[in-house]
Amino acid sequence: MRVLLMVENVSLARDHRLRKHAAALVEAGMQVTVICRRDPGNKTVPGVRVLDYEPPRDGTSKLGFLWEYGYSLAMAGLLTVRALLSGGIDVLQVSSTPDIYFLIARPLKLLGRRVVFDFKDLSPEIYAARYHTREGLMYALLQRLEHASLRAADHVVAVNESVREVAMRRGGVPADAVTVVGNGPRLSELNGGGTVRPELRRGREHLCVLVGMMGPQDSIDLAIEAIAYLVHGLGRTDTAYTFVGVGDAVPDLVRLVERHGLEPWVSFPGWAEQAEVFDYLATADLGLEPNLEEFVTPVKAMEYMAFGLPFVAFDVTETRLIASGVPTHLSPTGRTPGKDAAGVVSVEGAAGLVPAGDVKAFASLIDALLTDPVRRERLGAAGRRAVVEKLAWEHQARKYLTVFNRPVGADVLPREARA
């Protein structure tokens, strides 16, 4: 089976989910081609052919996004023709966001190819988080593009149950045409873990980290505000805070740090290779996850948990479920977790959660956990256990491969997955 994977807003080298998809397909004996932005690290997935193009300048305005997406669509279209002529395509998988590649998928369907839509982000909600509105032509357009992408797919891969419900409710996708495939870390990549490097604490007693992409919708500014309260309000000056990664929110975040006078405590080292990220996670005392979006699977949180690193987060649906070690939309009991006297949500799992958007509670919980190593160890152990037993990619890969079994009617599962 010849599978073409396509993504717009990131390269294969920097898209951990796509790398896991590609590797699983190769291991199952399929021929895999990826179309994406050019990056020196794109060639590092064994057995994958990469057709990449010079990346456009990332859009920062509405006009800039139109240029970025139009250019990427044109380049992806040309490279799709190349893939057809130089090896062929049986199945096309396109990734959200942006939801533009249905324009390539539909002609391929007319040629008898099958289409899988990897539904991991909700464009309308991301727009609303960036621009604080659900009105206007652009928001309506994003809804239409999402609907067109869902309707173009023969099968939808949803990153979590919240997104699965959106696919069925907004896209009219039948329940049996949606498969939930989580985005947990690969245990095989974590063997040996990282190296504890005291210098990463920059002379402080403790280290808190945030690892991942940083866009306006990720609410990283709330973590900065919490740090300001910790340092200037609670007098907690013994901790370094490191935000590892890139994103178009970083310049504004740096200015926010400067405005609060937090430069001695907060740093932005930029993009880091996997080995260095693992070192940060192995060295840190706490992870930070300030996401406020109910539907987003907190990949940061699962990386923290894989390293036995407890984390602090806001109480939103998917974060709560991941922290409790339940990768489904409802808890086994169907009950909402309770809160203690301080308003901290009890999930009996890997993290302490506070009411959504409550910056002072977020800061106070960081302060409490840094003072309590026994509780940190307990939370960290619970998180590691949840990843090993439920959330790791190895558990998700089997479900992912069945998606490719379903549309083409071919038994593509490896022997161990069929057992």
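Definitions and limits used
- In every chain, residue numbers begin from 1 and rise along the written sequence.
- Local features in a predicted model are, by the rule used here, given only for residues with pLDDT of at least 70; side-chain atom pairs are given and counted only at 80 or more, and totals for whole chains, interfaces and linings are based on all residues.
- For side-chain calculations, the full set of non-hydrogen atoms in the structure is used, while hydrogens and water are omitted.
- Cavity means a closed set of points on a 1 Å grid over the protein atoms alone, one where a 1.4 Å probe fits but cannot get out, pocket means an open set with protein on both sides within 12 Å along at least 5 of 7 lines, and lining means a residue has an atom within 4 Å of a point.
- Grid points are joined across faces, edges and corners, and a volume is the space filled by probe spheres set on the points.
- Numbering of helices and strands starts at the N terminus; helices are DSSP runs of H or I of at least 4 residues and strands are runs of E of at least 2.
- Gly is put with the polar residues, along with every residue not named as nonpolar or charged; the nonpolar set is Ala, Val, Leu, Ile, Met, Phe, Trp, Tyr, Cys and Pro, and the charged set is Asp, Glu, Lys and Arg.
- Planes of paired rings set the category: under 30 degrees apart is stacked, over 60 is edge-to-face and the rest tilted, where pairs are Phe, Tyr or Trp rings (Trp by its six-membered ring) whose centres lie within 6.5 Å.
- We call a residue buried when its accessible area falls under 20% of the maximum for its residue type, exposed when it is over 50%, and partly exposed in between, using a 1.4 Å probe and counting protein chains only.
- Sitting over a ring, as applied to charges here, requires NZ of Lys or CZ of Arg to be within 6 Å of the ring centre and within 35 degrees of the ring normal.
- Following DSSP output, two strands are said to pair if at least two bridges run between them.
- Only C-alpha atoms enter the line fits that serve as axes; for helices the fit covers just the stretch in contact. Angles between N-to-C directions range over 0 to 180 degrees.
- Whenever Lys or Arg places a side-chain nitrogen within 4 Å of a carboxyl oxygen from Asp or Glu, that contact is recorded as a salt bridge.

K.L.:
What is the right way to read the layout of surface pockets from this model?
P.N.:
Space left empty within the atom packing is revealed by a probe, the size of a water molecule, rolled over the atoms. Of the voids in this model, the second largest pocket is the one considered here, and its volume is about 570 Å³. If you trace the second largest pocket, you find 24 residues lining it, with Ala 129, Arg 130, His 132, Pro 216 and Gln 217 closest to the centre. Counting only elements with at least two residues in the lining of the second largest pocket, the list comes to α4 (123–131), α8 (220–233) and α9 (250–259). When residues of the lining of the second largest pocket are assigned to their parent elements, the largest contribution, five residues, is made by α4. Along the lines of polarity and charge, the residues of the lining of the second largest pocket split into 11 nonpolar, five polar and eight charged.

K.L.:
I would appreciate a short explanation of the packing of aromatic side chains in the present structure.
P.N.:
Geometry of an aromatic ring pair is reported as the spacing of the ring centres plus the angle between the planes. For the coordinates displayed, the defined rule picks out 12 aromatic pairs. When the ring of Phe 243 is compared with that of Phe 268, the centres are 5.2 Å apart and the planes differ by 25°; the resulting orientation is stacked. Of this pair, Phe 243 sits in strand β9 (residues 239–244) while Phe 268 sits in strand β10 (residues 266–270), placing them 25 residues apart in sequence. Residue Phe 268 is classed as partly exposed on the basis of its relative accessible area of 23%. Three or more aromatic residues joined by ring pairs form one cluster here, namely Tyr 53, Trp 67 and Tyr 71. Stacked on the ring of Trp 271, the Lys or Arg Arg 14 has its end atom at 4.2 Å from the ring centre.

K.L.:
Which parts of the structure should I look at to understand the sheet that holds strand β13 (residues 351–354)?
P.N.:
The strands that make up a sheet pair up through hydrogen bonds in the backbone, lying either parallel or antiparallel. Strand order in the open sheet made by the six strands is β10-β9-β8-β11-β12-β13, with parallel pairing throughout. At either end of the open sheet lies a strand with only one pairing partner, and these are β10 and β13. Taking the axes of each pair of neighbouring strands and ignoring which way they run, one obtains an average angle of 25° across the sheet. Both strand β12 (residues 311–314) and β13 contribute to a ladder of four bridges, which runs parallel. By the bridge assignment, Val 312 is partnered in β13 with Gly 352.

K.L.:
Can you walk me through the pattern of salt bridges in this structure?
P.N.:
Pairing of side chains with opposite charge becomes possible as their charged atoms draw close. If you walk through the whole model with that rule in mind, you get 23 salt bridges. For Asp 90, the salt bridge goes to Arg 2, with nearest N and O atoms at 2.9 Å. A residue pair is termed long-range when its members are at least 10 positions apart, and Asp 90 in the loop between α2 (62–85) and β4 (91–95) and Arg 2 in strand β1 (residues 2–6) qualify at 88 residues. When its relative accessible area of 27% is taken as the criterion, Arg 2 is described as partly exposed. With a closest N to O distance of 2.9 Å, Arg 236 and Asp 238 form a salt bridge. Look at Arg 236 and you get buried, because its relative accessible area is 12%. A cluster of three or more residues bridged by salt bridges with shared partners is formed by Glu 8, Arg 37 and Glu 68.

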